[in-house]
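Okay, here's what each chain looks like letter by letter:
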Amino acid sequence: MSTFPPGFRWGAATSAYQIEGAAREDGRGRSIWDTFSHTPGKVDGDENGDVAVDHYHRYREDVALMAELGLNSYRFSVSWPRVQPTGRGPADPRGLDFYCRLVDELLGYGIKPTLTLYHWDLPQDLEDAGGWPERDTAYRFAEYAALVGEALGDRVEQWITINEPWCGAFLGYGSGVHAPGRTDPVAALRAAHHFNLAHGLATSALRGVLPSRNSIAVSLNSVTVRSVTDSPEDQVARRRIDDLANGIFHGPMLHGAYPEHLFADTARVTDWSFVRDQDLATSHQRLDWLGLNYYTPALVSAADDPASVSPMEGLGTSAHSPWPGVDDISFHQPPGEQTAMGWTVDPSGLYDLLLRYSREVPGLPLYVTENGAAYDDKPDQDGRVHDAERIAYLNGHLSAVRRAIRDGVDVRGYYLWSLMDNFEWAYGYAKRFGSVYVDFATLDRTPKSSALWYGRAARNGSLPPVDDCV
Ligand code: GCO
C-alpha cells in the first residue's frame, strides 16, 4: 500500500554551476562563482566549476538515468550568465536553447521539471556594479526572470525564484566563504533585503508572462533553531538567530514584514534606511507553494564569548561571522551522528520545520526542495558504491516527511540533494552529496545503492526496507 499521497513528487535537485561545466561555451558570461573559484585560496584545492560534471554535454545521459531510477520530477537551476551574459539586455538564444532541450528531454520521459531561476551564480558584471547590496540588482533579476518565463513557461509548470538567499547574503557578503567573498555585515543585510525585493519583483514579472496553471515558489534554507536551555537568555539567543536565519526572508516574503525585533537587534550594524516604503508590499507576493531546504538543526546559547564557528550548513571557516550584529551567541554541535560535512543527522528538525510552516502559512502546500548528506563514498572492488549511511539518512528524513503528512501537513514532494556528486562550493569536489557516484577523472556515472533505494521508493510511493539495496 502506498504510504505517500498519490501524485507526490519524488525528485532530485541540482544547480547550474555545480554540475554544468561548459563555462565558456555558447556565449556564457562570467559569474561571481567563476571569479571566486579562480581566486587562489577560496575553494579547497583551488578547484572550480569550469568542467564540473559536464552536465551541459551529458544532460541526455543524466535524464535517462533519472528515468531509469524512477524519479518523476527534477529540480535544476538556470545559469543567469548563460541567458544574459552581462546580466542585462536581450537573452542569448544559445543559453535559453540549452534549457529548452533539457526540459524537452525531461518531458519526453514524463519527468516534471522544477526550475530555479537563481542558485547563486550572479553575472560578474552585476557584481562589479555593486551586486546584491545594490537595489538595481533586484530589478535586473526581475527582467531576467521574465526572459526565462517567456521562453519556458509553456513547458515548465513549477518555478522557484531564488534558492537559499541566506547563503547568498550572509555567506557571500558576510563571512565571505561563498562568492563574491565580501566580509561586510552592512552589505550582507542590504543583500538580504534586495533578495526579498528581487523575489517579489520576479514573482510579479513571472505572473505577467506565465500561463496561469503554472506555480511560483521560493526555496529557503529554513533552519530549526534550538537553544541549549530554556533560560530566558538562551531563549532570546534562539529567537535572534531564528530571525536572522528564517524570519529575515520568510517574514517579508510570506507576511510582508520583517520580524519585530530584527531592526533593533541589528541597529549597531545599520539603520536599514535602504528599505523603501513599498518594498515590503512588493516582496510579499502570493505564492503557490513554499520550498524548504533542510540539512541539520542549529543549537545556540547566550554567551559572553564571541560567536563560535557554527556547524550550520555551508558555513566553512572564516574569521568573519555570517551573523550581522551577533557577538554574544554561541553555536554548539547538536548531539548525534554527523555527516562528512560535520552536520548532525536529525530528522526531527525537518518534521518540526514542516509543522511550523504548515501553521505559520496555513493552506500553502510545502515541498522539501533539498535534503541529503555528504559521505566519503568509495567504489568497492566491483565498482559498486554501497552508501548505507545515505540510505539511513534518506529513510530517516522521508519518514519524518511521512509523519508530518500523517499529522495533517500538506507536503507535496521531496527533492533529494543531490542527483549526482558535484562541485560543492567552497569544498570543491571533496564532498560527495550525490545519489549517483561520479568519477571526477572520467566523469563516469554510477548509481550508488541510495539511488536504487530511492528509485524504488519513488516507483512504489513507499519506503523500502533500509537494507533493500545494500
Ligand atoms: C544549498 C545548496 C546546495 C548545496 C547543498 C549542500 O542550497 O545549500 O542548494 O547547492 O550543495 O546545500 O551544501
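This is a predicted model, so every value here is computed, not measured.

**Q** How should I be thinking about the environment of Arg-207 in this particular structure?
**A** Within the secondary structure, Arg-207 sits in helix H9 (residues 185-209). Assessed through its relative accessible area of 30%, Arg-207 is described here as partly exposed. The sequence separation of Arg-207 and Gly-149 amounts to 58 residues, and the corresponding C-alpha distance is 9.0 Å. Setting aside residues no more than four positions away along its own chain, Arg-207 makes contact with Asn-214, Ile-216, Arg-286, Leu-287 and Asp-288.

**Q** Help me understand the sheet that holds strand E11 (residues 411-417), please; the structure alone is not making it clear to me.
**A** Remark on secondary structure: sheet strands pair via backbone hydrogen bonds, oriented parallel or antiparallel. Read around the closed barrel, 8 strands run E1-E2-E3-E4-E5-E7-E10-E11, paired in parallel fashion. Recorded for the sheet is a direction-independent mean angle of 25 degrees between the axes of neighbouring strands. The pairing of strand E7 (residues 290-293) with strand E10 (residues 366-371) spans 4 bridges and is classified as parallel. Bridging from a neighbouring strand, Leu-290 pairs with Leu-366 of E10. Contacting strand E2 (73-77) and strand E3 (112-118), helix H5 (residues 93-108) runs over the sheet at an angle of about 170 degrees to E2.

**Q** Can you walk me through the environment of Ile-19 in this structure?
**A** Tracing the chain through its elements places Ile-19 in helix H1 (residues 16-19). A relative accessible area of 2% means that Ile-19 is categorised as buried. For the pair formed by Ile-19 and Tyr-56, sequence separation is 37 residues and the distance between their alpha carbons is 7.9 Å. In this structure Ile-19 touches Thr-14, Val-51, Ala-52, Val-53, Asp-54, His-55, Tyr-74, Met-420 and Asn-422, once residues within four positions along its chain are discounted.

**Q** When you look at the sheet that holds strand E9 (residues 329-332) in this model, what are you seeing that I'm missing?
**A** Taken together, the 3 strands give an open sheet; going across it, the order is E6-E8-E9, and neighbouring strands pair in mixed fashion. What marks the edges here is a single partner per strand, and that holds for strand E6 (225-227) and E9. The average angle at which neighbouring strand axes cross in this sheet is 40 degrees, direction not considered. Summarising the sheet, E6 and strand E8 (residues 298-302) pair through 3 bridges and their orientation is parallel. Bridged to Arg-226 within E8 is Leu-299.

So, how was this worked out
- Counting of residues starts from 1 at the beginning of each chain's written sequence and follows it residue by residue.
- Owing to the predicted nature of the model, reporting of local features is limited to residues with pLDDT of at least 70; listing and counting of side-chain atom pairs is limited to 80 or more, with chain, interface and lining totals taken over all residues.
- Working from all heavy atoms in the structure, the side-chain values ignore hydrogens and water.
- What counts as a helix is a DSSP run of H or I of at least four residues, what counts as a strand is a run of E of at least two, and both are numbered from the N terminus.
- The classification of residues rests on relative accessible area computed with a 1.4 Å probe and restricted to protein chains. Under 20% of the type maximum is buried, over 50% is exposed, and intermediate values are partly exposed.
- Working rule for contacts: check all heavy atoms of both residues, and any pair within 4.5 Å makes them a contact.
- Two strands are counted as paired when DSSP detects at least two bridges linking them.
- The axes are straight lines fitted to the C-alpha atoms, using for helices just the contacting stretch, and the angles between their N-to-C directions are given from 0 to 180°.

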